[in-house]
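# Observations on the three-dimensional arrangement
What follows is each chain in one-letter form.
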Amino acid sequence: NARSAGLGGDFITVKDQDINIGIANPSLLNSTMNKQTGFNQALLAGGINYGMVSHGFDIGKIGTMSGYIKYVSYGTIERTDINGTNQGSFSPIDIVFGSGFGRQLNPRISIGANLNIIYSQLESYSAIGAAIDLAGTFHNEDKDFLVTALVKNAGMQFNAYTEKGQRKDLPAEFQLAGAFKLPHAPFRISVLAHHLN
């Protein structure tokens, strides 16, 4: 989403009604995201585009859930042989189908998880995998202070692009972030450490 892209791509340190932030960090999913829908689209050179469609819904005292689809379409690519003879074209695509759950344990601590099914189609090769994101957040609303920990993309391939025996683990990442807002200041300071694993 534009908010995260404008802040370096990994923005997981604000608890408000933005469903996009709840997808990035499921421990930030909350009841204010009920019936919130997000649509994000980026167009790049060469016909490449990527985006996300998401929706949040509150399930009462149990917590808040989200559903989303993320995608990257790489446009149309010409298929040629070793001599450069055109043999048609193909359109590679990567898609993530995901669902998230967030729960407030007490007024200051919340937890959350995403489950992602990942599909990739590159010419005649395809791969399928699954990953989870696990997160926990401490939020002191009185002092406008937040600390969060996030494990992203922990999972594995079920089917690899090549031989069945070539399945690999996905590139998991551990992030730790904190944010605070000074009293009467119109901005928030956010610090994020990524790839801590």
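Details of the structure are given in the entry above.
Everything in this summary refers to the structure shown in the same document. (Residues numbered from 1 in each chain as written. Predicted model: local features only at pLDDT ≥ 70, side-chain atom pairs only at ≥ 80, totals over all residues. Heavy atoms only, no water.)

All right, on to the pairing of strand β9 (residues 145–159) then. Looking at chain direction, strand β8 (residues 125–140) and β9 are connected through 12 bridges and run antiparallel. When the bridges of β9 are listed, His139 appears paired with Leu146. Linking two consecutive strands that pair antiparallel, namely β8 and β9, is a turn of 4 residues; a positive phi of about 50° is found at Asp144 within it. Here 8 bridges tie β9 to strand β10 (residues 173–180), and the two strands are oriented antiparallel to one another. Note that in β10 the partner of Phe145 across the bridge is Phe180. (Pairing = 2+ DSSP bridges. Helix = DSSP H or I, 4+ residues; strand = E, 2+ residues; numbered from the N terminus.)

Another aspect to go through is unusual backbone geometry. The phi torsion at Lys35 lies on the positive side, around 65°, for a residue other than glycine. Residue placement: Lys35 occurs in the loop between α2 (19–24) and β1 (37–43). Taking relative accessible area as the criterion, Lys35 reaches 66% and is therefore assigned exposed. (Buried < 20%, exposed > 50% of the residue type's maximum accessible area, 1.4 Å probe, protein only.)

Attention shifts here to the nonpolar core. Counting 7 residues, the largest nonpolar core is built from Ile19, Ile23, Leu29, Met33, Met52, Tyr68 and Val96. Residues within four places of Ile23 in sequence aside, it is in contact with Met52, Ser54, Ser66, Tyr68, Lys70 and Asn114. (Core = buried A, V, L, I, M, F, W, Y, C linked by side-chain atoms within 4.5 Å. Contact = heavy atoms within 4.5 Å.)

Purely geometric stuff here, so don't read any function into it on its own.
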